[in-house]
Amino acid sequence: MKPLQILLANAAKSDHKIALSEGSDPRVIEAAIMARKQKVARIVLVGDAAEICCKLAAAGGGALDGIEIHDPTDTPLAEQMAGIYLELRKHKGATSEAAAAAVQNPHVFAALLVRMGLADGTVGGAATPTAEIVRTAIQIIGTAPNARLVSSFFLMLFCKDHHETKGAHIFADAGLVIEPNAREMAEIACASASSLNQLVGDTPRVAMLSFSTRGSASHEKVTKVVEATQLVREMAPDMIVDGEIQFDAAFVPDVAKSKSPDSPLAGAANVFIFPNLESGNIAYKVAQRIGGAVAIGPILQGLAKPANDLSRGCTAEDILHIIAVTTAQADQSRSHS
Ligand SMILES: CC(C)(COP(=O)(O)OP(=O)(O)OC[C@H]1O[C@@H](n2cnc3c(N)ncnc32)[C@H](O)[C@@H]1OP(=O)(O)O)[C@@H](O)C(=O)NCCC(=O)NCCS
Ligand SMILES: CC(=O)OP(=O)(O)O
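From a predicted model like this one, the values you see are computed outputs, not experimental measurements.

**Student:** Just to check I follow, could you spell out the packing of aromatic side chains for this structure?
**Tutor:** Note on aromatic pairs: each is described by the distance of the centres and the angle between the planes. Taken as a whole and assessed by the stated rule, the structure comprises eight aromatic pairs. Arranged with centres 6.0 Å apart and planes meeting at 80°, the rings of Phe158 and Phe251 form a pair that is edge-to-face. Here the residue Phe158 occupies a position in strand β5 (residues 151-158), and Phe251 occupies one in helix α10 (residues 247-251), the gap between them amounting to 93 residues. We note that Phe158, like Phe251, is buried. Ring centres of Phe247 and Phe251 lie 5.2 Å apart, and the angle between their planes is 35°; on these two criteria the pair is classed as tilted. Note that Phe247 and Phe251 are positioned in helix α10 at a spacing of four residues, about one turn of the helix. With relative accessibility at 32%, the residue Phe247 sits in the partly exposed group. Phe251 gets classed as buried once you look at its relative accessible area, which sits at 18%. Clustering of aromatic rings is evident, with ring pairs tying together Phe158, Phe171, Phe247, Phe251, Phe272 and Phe274.

As structure tokens, then:
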């Protein structure tokens, strides 16, 4: 089976409840209906209840079971949530009034549902910039006990006829950490390698990307990637990793033979770690929009419980895919708790 079918089939075996914090967005409603019809997840649509009910009915999902609607401005959970929010944010000067107002924000509300165990994961970002989605997840859900850094990746699926190399690949960080230092780049690499293995079961082959391959250029930006690669080798001695390396030497076996003949990747990397957000974000959009890759993300890693983002350019199908990824992460976090 292809990676996407595996993700959707695995999601159908679990019964997770995923909160969608932009519940009245038509793409979100369409995705919720698809998720229920395909039994990918139970859904909580968060937002203005009257508007959601109306749009859900018009889209043909009014009679579906497994879709709840929660309105953060009219909920019996308000007081309890405000108390939790106040505890979490009082070190930053939050007051009771500010907490009561904050929990009416649908992203905060959805993240609190996850924190309280009332949902297994949350997805937002179809109409909201990444910074707001990520900041809310970090502040409300928090980092996992074994993680210091929250980062993000795209699961890139190459499945078109013209893709000579098919299958699942990771591009990281393409959504969150703007200018990682060497240690942060190494942490992103290790987390992304685990994420690939957890989501699709493939053995990670990690390329630490640069504009240089094995000293073909010298610059402080190249030195950072060399240091990051060394740190990955120390942090995960058994991991297949190479760097600094250019994308072509990491992805095309013939180019690998000429540029980096002894590379352990042999031109077959499947986890690509970019030196900064500029390169990662641009690369994923080029691969998606010109290259025809399916791009699922930004998927967040390093959080205590699943919360994921979307590009504002997403389709309903993209949202369905990230719901499936969120259920896979929920399986993992359940097995670790
Ligand atoms: C994610 C992002 C918003 C965090 O920015 P920031 O300015 O550090 O945010 P804040 O200062 O408000 O930090 C919020 C909290 O998260 C913590 N934090 C920030 N980045 C973190 C990270 N990567 N991992 C763990 N914690 C982090 C901060 O320590 C802070 O904690 P506190 O509020 O308890 O003190 C920022 O990195 C960002 O804007 N990234 C780019 C997003 C983007 O535009 N992507 C492009 C499109 S996908
Ligand atoms: C991930 C990303 O680039 O998000 P957006 O397109 O919403 O900026």
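**Student:** I tried to follow the site of ligand 1 on my own but got confused; where do I start?
**Tutor:** Lining the immediate surroundings of ligand 1 are 17 residues, of which Lys92, Arg135, Val150, Gly175 and Leu176 lie closest. Contacts to ligand 1 include Arg135, whose side-chain N or O atom sits 2.8 Å from an oxygen atom. Between ligand 1 and Leu176 there is a distance of 2.9 Å, counted from a nitrogen atom to a backbone nitrogen or oxygen. Here ligand 1, which alone exposes 940 Å², has 62% of that area covered by the protein. Each residue belonging to the shell around ligand 1 can be placed in one class, and the counts come to eight nonpolar, five polar and four charged.

**Student:** It is not clear to me how the nonpolar core should be interpreted in this structure. Could you clarify?
**Tutor:** Side chains of nonpolar character tend, in soluble globular proteins, to be buried together. Ranked by size, the top nonpolar core spans 88 residues in total, and within it Leu155, Met208 and Ile323 carry the most contacts. In terms of residues, this core owes the most to one element, helix α8 (residues 182-200), which gives 10 residues. One finds Met156, Phe251, Leu265 and Tyr284 within the second-largest nonpolar core, a separate group that totals 20 residues.

**Student:** Can you walk me through the sheet that holds strand β11 (residues 307-308) in this structure?
**Tutor:** Strand pairs in the sheet, formed through backbone hydrogen bonds, run parallel or antiparallel to each other. Read across the sheet, five strands follow the order β3-β2-β1-β4-β11 without closing on themselves; strand pairing throughout is parallel. Of all the strands in the sheet, the pair left with one neighbour each is β3 (67-70) and β11. Bridge analysis of strand β4 (residues 121-123) against β11 gives two bridges, and the strand direction is parallel. Its bridge partner being in β11, Thr122 is matched across the sheet by Ala307.

**Student:** What should I look at first to understand the pairing of strand β6 (residues 167-172) in this one?
**Tutor:** Remember that side chains alternate between the two faces of the sheet whenever the strand is regular. Of all six residues that make up β6, five are buried, and the element is covered over most of its length. Relative to β6, β5 runs antiparallel, the two sharing six bridges. Pairing of Phe158 across the sheet is with Gly167, part of β6.

Conventions and cut-offs
Residues numbered from 1 in each chain as written. Chains lettered and ligands numbered in written order. Predicted model: local features only at pLDDT ≥ 70, side-chain atom pairs only at ≥ 80, totals over all residues. Heavy atoms only, no water. Phe/Tyr/Trp six-rings, centres within 6.5 Å; stacked < 30°, edge-to-face > 60°. Helix = DSSP H or I, 4+ residues; strand = E, 2+ residues; numbered from the N terminus. Buried < 20%, exposed > 50% of the residue type's maximum accessible area, 1.4 Å probe, protein only. Near = heavy atom within 4 Å. Polar contact = N/O pair within 3.5 Å; in protein donor to acceptor, adjacent residues only side chain to side chain. Areas by Shrake-Rupley, 256 points an atom, 1.4 Å probe, with all protein chains shown as cover. Nonpolar A, V, L, I, M, F, W, Y, C, P; charged D, E, K, R; others polar. Core = buried A, V, L, I, M, F, W, Y, C linked by side-chain atoms within 4.5 Å. Pairing = 2+ DSSP bridges.

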